[in-house]
Amino acid sequence: MVLVRLFASSLFLMSLVESQPTQSSRQPSAPPHPAGEQSPLGTDNLSFPWSRLRLPRYIIPLHYHLLLHPNLTSLRFTGSVQIQIDVQNNTNWVVLHSKGLQISKATIVDQNLAGPSDKVFPVLHNPSHEQIGIFSSRVLSSGQKYFLNIEFGAELSEGFYGFYRSTYRTSTGVTRALASTHFEPTSARMAFPCFDEPSFKANFSLRIRRSPEYISLSNMPVVNTFEVNNGVLEDHFDASVKMSTYLVAFVICDFKSVTARTSSGVQVSVYASPEKWPQTRYALEVAVKMLDFYGEYFNIHYPLPKQDLIAIPDFQSGAMENWGLTTYRETSLLFDPLTSTVSDELWVTMVIGHELAHQWFGNLVTMEWWNDIWLNEGFARYMEYISVEATYPDLKVEEYLLDTCFSAVGHDSLNSSRPISSPAENPTQIKQMFDTVSYDKGACVLHMLRHFLTDDVFQRGIVRYLRRYSYRNAHNQDLWDSLANTCSEEDFISGKHCYSSSQASKNAYLFAGEHMDLTAMMNTWTLQKGVPLVTVTRKGPNLLLRQDRFLRTVLPSDSLWSALQHGFLWHIPLTYKTDASGTIHRHLMTTQTDSIHIGEGVSWVKVNTDMTGYYVVHYEDGGWDEMTELLRENHSALSYKDRTHLIHNAFQLVTAGHLPLNKGLDLIGYLPMETHTVPLLQGLGYLEAFYRMIEKRNELEVVSNLRRHILRFFRAVIDRQTWSDGGSVSERRLRSKLLSLACYLDDPRCLERAQASFTDWLQSNGTLNLPTDVAETVFSVGAQDDRGWASLLHTYNISLSAAQKSQILFALTCSRDAKKLSRLLELGLEGKVIRSQDLSSLILMVARNPQGHHLAWNFVKKNWDTLVQKFQLGSFCIRNIIIGTTGQFSSPEELTEVKLFFESIKEQVSQLRASQVALDNVQKNVHWFQRNLHTMRNWLNKTLQ
């Protein structure tokens, strides 16, 4: 699953999250009864037989035969399911999941349709655990297989989970309905009774009834269609491969598609609503390329006969990897050459790369339980970069990996972070596992591991892992064993091509001439939270090293420091370069302190080459002055990734109190000479983040001087930008960012050009296609007056381009009229003009606006219950709302206000890691102001003299 791309982000909006202790996942066996013996319990005095959140393991589902009949007029559906089950302990009970379903009938028959009985059995409900228990008066015998038959019905869900309804509007104003599914992580139980845990893999045979004007889609192809009665058609789908319930999917709609085949003959189709069908061509091209790439990279053929991709009008996340039927937000799949930006193109490419990587990582091999969801999401996030770099090199996707790792460091340097592998039991806890730690930190740790092992060893280990656990479930340790080529003693003795576990350490990889234990190393990255800070000090020919836990909310002088550092130690694969040679040197650091001999005559050393390692570096005793001088005198001596890494680390250390702000500002003094987009954007991003936070504090002199400095500092590069779509992907990305910021800072030349373009657009009645690189900036300037704002809202309402709607919505939130911002929030809450799927992003965009700063926060407080009802408590939307609306609060008074609100909803907050993240962020910002505002004021006064 891909999380949604936020329209507005800030370097100060840092999330996520700490796990809560949970009950043991070990399962007791069923209470045994002799086979065939009548249970003494009568139907009147039955009590629910199971008290745990996790299902018992003594009944295993083998095959689901599922019939569904949705009615898109009444917005209800009925269904029946026959589940073939394997009973492994004598029992009277079958316990499985069901949520919000009305169960009308349940029976159990043995596999040859004789006894125990086909009579209707009692069904008990445990809503708090989303479980039902079906009681058989005669014992189900161990070693036997039975058919569990259940009939049920429910309303199509109004939210974004389970089997839910969606609509789209045609250009003539007609509203059309469809029904779609989203089951990950725990919502298959909302569509049919099932064993809704990832380790209960089974086969699925679906039948779907529909009206003739619709089509139905599912994981597998349709093999037959029959007319049932009164013109109702029933589609029969081929039986699926063995898979987890969260990967089942079905859609009933009237969409159109484009189709092609991969080199191995897999049919690929992309579906969208009829009027958006022309925007599917690019996605089809990408999907075909990606499936071919992954089949070759993983050396395992895609196992299904087809792969459908479909754009769903109402979709909370970015996309979902259902096997053979991946579902997407329209902005994640559709590409309109006239209105989509180069960033939109890259986003669509990466999302498709992510979801198709899941067809192997996650679908073919699935984590045993949600505590290891990073095995799915971290891998899929990292494979985005590997796949896009291989298939679309012109998109320069490698330039974005640094941002992914910077985001992870930002979240992981708060005490409210969590280990990559963390306990999660109930649905709210499980939903919260889909966060920056699982996705971004997971990807960056894998990036470090790939460079550590080399590309070839990493790839062969992955292939080994996928082959060994195909159609099964896996743990962290299984991945390390596959990468280290180890196996069980039994496999070793039988001649498998792997090392025995006892031999593993003897045959471990060599890194910089040192033997290492891969499991021991990787456990330090996945089983403890946080990110290491490596402090580097030059002492003659030696480099002295010290590792600590990097925290941005606590100083070494604080009383909490020692307790928060206790027990943290990483095995860090260090890399470094010096001016003495072009060689990348390597060293494995496994102790708190260490030293490296670098020799005499070395003038500079840069640690963490190209940021392939997941750690922050601090250069003590004048080391940062050396780096500042190097960048000023010869910045090209370092790669663009190293220059970007230095800028990032410096300002992270400023926030953490390890480096004065003026040192960081001096470091980026070379940027007018910078020729690469990525370090330019990194430095610019920090200055913009400082500006946006300070302007919300009414520090008028500092805000005015910082605005003058940014525009003067970047004047030459701003003036080089054209108001067009020309140039490389990197150049176009820089153009969009620079011109957007210049106009936001009221640069006269920028405003004049943007206003002229907006006037031309207005006079064309919105038919003029603006250059996509600057359209959002033009719209944002045009939205400042009443006529422009109203015209944009009208265009938003009728546009068929999801990309253009995103640009316009952002522009509408740039208004400096608080009444207009309030109207947008109300439209988002209503969910008609602005869809509910966009509400969380809308709230964040309003919160980014100085006039909407407290407006958005008050809106969240007032409508909290409604927001939780719309998005569900543990969802990333709720997390983004909490963290995003508070992310630029920076005063003690605001911190108190946030604490008071959380206290008023403490029952819900106690279940949310995001609340502590939000508090950490505000506390961090309070400290930043206390330590740095005076320095910023003085530095600006000196610089602008």
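The structure displayed is predicted, hence computed values, not measured ones. (Residues numbered from 1 in each chain as written. Predicted model: local features only at pLDDT ≥ 70, side-chain atom pairs only at ≥ 80, totals over all residues. Heavy atoms only, no water.)

1. Some words on the overall build of the chain
Put simply, the test is: Strands here are runs of E lasting at least two residues and helices are runs of H or I lasting at least four, both read from the DSSP assignment and numbered beginning at the N terminus. Only the C-alpha atoms count toward the radius of gyration. The rule for a globule is 2.2 Å times the residue count to the power 0.38. Contacts were defined at the residue level, with two residues in contact if any of their heavy atoms lie within 4.5 Å. Here, Shrake-Rupley sampling with a 1.4 Å probe gives the accessible areas, and only protein chains in the shown set may cover a residue. In summary, the charge assignment counts Lys and Arg as positive and Asp and Glu as negative, without counting His or the chain termini. To locate a charge, take atom NZ for lysine, CZ for arginine, CG for aspartate or CD for glutamate.
When you go through the chain residue by residue, the secondary structure sums to 31 helices and 33 strands. In summary, the chain has a C-alpha radius of gyration of 29 Å against a globular reference of 30 Å for 945 residues, a match within 12%. Pairs at least 24 apart in sequence give 73% of the contacts found in the chain among residues at least 6 apart. When the accessible surface of the chain is totalled, it reaches about 34000 Å², and 49% of it is carbon and sulfur. Averaging the positions of the 87 positive and the 94 negative side-chain charges in the chain gives two centres separated by 2 Å.

2. A closer look at the pattern of salt bridges
Rules: Take a side-chain nitrogen of Lys or Arg and a carboxyl oxygen of Asp or Glu: if they are within 4 Å of each other, that pair is a salt bridge. Classification of residues uses two cut-offs on accessible area relative to the type maximum, computed with a 1.4 Å probe and protein chains only: under 20% is buried, over 50% is exposed, and between them is partly exposed.
Going through the model one piece at a time under the given rule, you end up with 42 salt bridges. A salt bridge links Glu130 to Arg189; the nearest nitrogen and oxygen atoms lie 2.8 Å apart. Taken together, the positions of Glu130 in the loop between strand 6 (123-126) and strand 7 (131-140) and Arg189 in the loop between strand 10 (175-182) and strand 11 (203-210) put the pair 59 residues apart, joining distant regions of the chain. For the pair shown, Glu130 and Arg189 are each scored as buried. Among the charged side chains, a network of salt bridges with common partners joins Lys99, Glu130, Arg189 and Asp196.

3. Here's the deal with the packing of aromatic side chains
Here is the rule: Stacked, edge-to-face and tilted are the three classes for Phe, Tyr and Trp ring pairs, Trp counted by its six-membered ring, which pair at centre distances within 6.5 Å; planes under 30 degrees apart are stacked, over 60 edge-to-face, the rest tilted. Whether a charge sits over a ring comes down to the Lys NZ or Arg CZ being within 6 Å of the ring centre and within 35 degrees of the ring normal.
For the coordinates displayed, the defined rule picks out 49 aromatic pairs. Here the aromatic rings of Phe160 and Phe871 are separated by 6.2 Å at their centres, their planes lie at 10°, and the arrangement is stacked. Pair noted here: Phe160 is in the loop between strand 8 (145-155) and strand 9 (162-169) and Phe871 is in helix 27 (residues 864-871), with a separation of 711 residues, a long-range link. An identical accessibility class is assigned to Phe160 and Phe871; each is buried. Here the aromatic cluster, defined as three or more aromatic residues joined through ring pairs, consists of Phe293, Tyr294, Tyr297, Phe298, Tyr302, Trp360, Phe361, Phe379, Tyr382, Phe458, Tyr465 and Tyr469. For Arg549, the ring lying beneath its charged end belongs to Phe568, and the centroid distance is 4.5 Å.

4. Examining the packing of helix 24 (residues 818-830) against helix 25 (residues 839-848)
Counted only if it meets this: In this analysis, axes come from line fits to C-alpha atoms, helices being fitted only over the stretch in contact, and the angle between any two N-to-C directions falls in the range 0 to 180 degrees. Every angle not falling under 35 degrees, over 145, or within 65 to 115 is termed oblique; those three ranges are roughly parallel, roughly antiparallel and roughly perpendicular. By the definition used in this description, the sense in which the near helix is turned from the far one sets the handedness, with an anticlockwise turn below a right angle giving left-handed and a clockwise turn giving right-handed. Only Asp, Glu, Lys and Arg are considered charged, only Ala, Val, Leu, Ile, Met, Phe, Trp, Tyr, Cys and Pro nonpolar, and every remaining residue, Gly among them, polar.
Relative orientation of the contacting elements helix 24 and helix 25 amounts to 165°, with a least axis distance of 9 Å. Regarding the angle of helix 24 to helix 25, the classification is roughly antiparallel. Like other packed secondary-structure pairs, helix 24 and helix 25 cross with a definite hand, here left-handed. Facing Leu821, Leu824, Leu825, Gly828 and Leu829 of helix 24, the residues of helix 25 in contact are Leu839, Leu842, Ile843 and Val846. When its residues are assigned to classes, the contact of helix 24 with helix 25 shows eight nonpolar, one polar and no charged.

5. Considering the state of the cysteines
Quick note on the threshold: Throughout, disulfides are identified as pairs of cysteine sulfur atoms within 2.5 Å of each other.
One pass over the structure, following the stated rule, counts two disulfides. Here Cys405 connects covalently by a disulfide to Cys444, the sulfurs 2.1 Å from one another. Residues Cys405 and Cys444 are joined through a disulfide that is left-handed, its torsion about the S-S bond being -110°. With Cys405 in helix 4 (residues 398-412) and Cys444 in helix 6 (residues 436-453), this residue pair connects regions lying 39 residues apart in the sequence. Exposure class is identical for Cys405 and Cys444. Each is buried. Each sulfur in the disulfide pair Cys743 and Cys750 lies 2.0 Å from the other.

6. Examining the environment of Leu466
On the secondary structure map, Leu466 appears in helix 7 (residues 455-468). Given the relative accessible area of 0%, Leu466 is considered buried. Leu466 sits 110 residues away from Leu356 along the chain, and the two C-alpha atoms are 15 Å apart. Residues in contact with Leu466, not counting those within four places in the same chain, are Phe298, Ile300, Trp360, Phe361, Leu364 and Val365.

7. Brief notes about the sheet that holds strand 20 (residues 325-329)
Put simply, the test is: Whether two strands pair comes down to DSSP finding at least two bridges between them.
The five strands are arranged 16-17-18-20-19 in an open sheet whose pairing can be described as mixed. The strands lining the two open edges of the sheet, one partner per strand, are strand 16 (256-261) and strand 19 (319-320). For strand 16 and strand 17 (residues 267-272), the ladder comprises six bridges, and the chain directions are antiparallel. Across the sheet, residue Ser257 finds its bridge partner in strand 17, namely Tyr271. Those strands touched by helix 1 (residues 281-297) are strand 16, strand 17 and strand 18 (306-312), and its axis lies near 150° from that of strand 17.

8. Side note on helix 17 (residues 700-713)
Formally: In a helix, the anticipated span is given by 1.5 Å times the number of residues less one.
The terminal C-alpha atoms of helix 17, which comprises 14 residues, lie 20 Å apart, in line with the 20 Å expected from a rise of 1.5 Å per residue. Burial in helix 17 covers these residues: Val702, Val703, Asn705, Leu706, His709, Ile710, Leu711 and Phe713. Looking at the buried positions of helix 17, the neighbouring elements they touch are helix 16 (677-695), helix 18 (715-719), helix 19 (729-744) and helix 31 (913-943).

9. Observations regarding the sheet that holds strand 30 (residues 581-589)
If you trace the three strands from one edge of the open sheet to the other, you get 30-29-32, paired in antiparallel fashion. Of all the strands in the sheet, the pair left with one neighbour each is strand 30 and strand 32 (605-607). Direction aside, the axes of adjacent strands within the sheet are offset by 25° on average. Where strand 29 (residues 572-578) and strand 32 come together, three bridges link them in antiparallel fashion. Residue pairing across strands places Thr578 opposite Val605, the latter belonging to strand 32.

10. Examining the side chain of Thr772
As for its position among the elements, Thr772 is in helix 21 (residues 772-782). On the basis of relative accessible area, Thr772 is assigned to the buried category, the value being 5%. Other than its neighbours up to four places away in sequence, Thr772 contacts Pro337, Leu338, Thr339, Ser340, Thr341, Asp725 and Arg732.

11. Points about the confidence of the model for the chain
What counts, and what does not: Confidence per residue, as judged by the predictor, is encoded in pLDDT with a range of 0 to 100.
Per-residue pLDDT for the chain has a mean of 92; in total, 92% of the residues score no lower than 70. pLDDT under 50 marks residues 503-514. Its contacts with residues more than four places away, or in other chains, come to 26 contacts.

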